[in-house]
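Overview (structure and organization)
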Amino acid sequence: MKQNWFPTLNAALESEGLLEAWDCTRAPIQYGQTVSWTWDNGTRYGRYISIYRDENGRYERPVNYNR
């Protein structure tokens, strides 16, 4: 069974193999915020990634797909 909530951003991104997609110069994700971006992964239109951080600080498994 897949885990859907993670205590850290790194753990959430790693669950989908997206750790290298995060730009470390980006502002931290705030509580209750969703952050979305397109990652240039070498495909024609890149990969869409969206991640949510809840009010308790946990990160939801990222939604991601090729555009």
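Above this text is the structure in question.
Residues numbered from 1 in each chain as written. Predicted model: local features only at pLDDT ≥ 70, side-chain atom pairs only at ≥ 80, totals over all residues. Heavy atoms only, no water.

**What to know about the overall build of the protein chain**
Selection criterion: Each helix is a run of DSSP H or I of at least 4 residues and each strand a run of E of at least 2, with the numbering of both proceeding from the N terminus. Computation of the radius of gyration draws on C-alpha atoms alone. For the globule rule, the value is 2.2 Å times the number of residues to the power 0.38. The cut-offs for exposure are 20% and 50% of the maximum accessible area for each residue type, with area from a 1.4 Å probe on protein chains only; residues under the lower value are buried, those over the upper are exposed, and the others partly exposed. Contacts between residues were defined by any pair of non-hydrogen atoms, one from each residue, lying within 4.5 Å. When charges are counted, neither His nor the chain ends are considered; positive counts come from Lys and Arg and negative counts from Asp and Glu. Positions of charges follow a simple convention, taking NZ of Lys, CZ of Arg, CG of Asp or CD of Glu.
What the protein chain contains, in helices and strands, is one helix and five strands. When the helices and strands of the protein chain are placed in sequence order, the string is β-α-β-β-β-β. Relative to a compact globule of 67 residues, whose C-alpha radius of gyration would be 11 Å, the protein chain shows 12 Å and is just as compact. Looking at the protein chain residue by residue over its 67 residues, the buried ones come to 36%. Across the protein chain, contacts joining residues at least 24 apart in sequence account for 36% of those joining residues at least 6 apart. Across the protein chain, the mean location of the 8 positive side-chain charges is 5 Å away from that of the 8 negative side-chain charges.

**Examining the packing of aromatic side chains**
Here is the rule we go by: Stacked, tilted and edge-to-face are the three classes applied to pairs of Phe, Tyr and Trp rings, where Trp contributes its six-membered ring and a pair requires centres within 6.5 Å; stacked means planes under 30 degrees apart, edge-to-face means over 60, and tilted covers the rest. Should the NZ of a Lys or the CZ of an Arg lie within 6 Å of a ring centre and within 35 degrees of the ring normal, that charge is described as sitting over the ring.
Inspection of every chain in the model, using the stated rule, returns three aromatic pairs. Taking 5.4 Å as the distance between ring centres and 75° as the angle between the ring planes, the aromatic pair formed by W22 and W37 counts as edge-to-face. A residue pair is termed long-range when its members are at least 10 positions apart, and W22 in the loop between α1 (9-15) and β2 (33-39) and W37 in strand β2 qualify at 15 residues. Here W22 matches W37 in class, with each residue buried. Residue placement shows R53 over the ring face of Y31; its charged tip is 4.2 Å from the ring centre. Sitting over the face of the ring of W5, R58 holds its NZ or CZ atom 4.7 Å from the ring centroid.

**Points about the pattern of salt bridges**
So the rule is basically this: Salt bridge, as used here, is a side-chain nitrogen of Lys or Arg placed within 4 Å of a carboxyl oxygen of Asp or Glu.
Summed over all chains, the structure comprises two salt bridges. The salt bridge partner of E16 is R61, with a shortest N-O separation of 2.8 Å. Of this pair, E16 sits in the loop between α1 and β2 while R61 is found in the loop between β4 (59-60) and β5 (63-66), placing the two residues 45 residues apart along the sequence. A salt bridge links D54 to R58; the nearest nitrogen and oxygen atoms lie 3.1 Å apart. For D54, a relative accessible area of 6% translates into the label buried.

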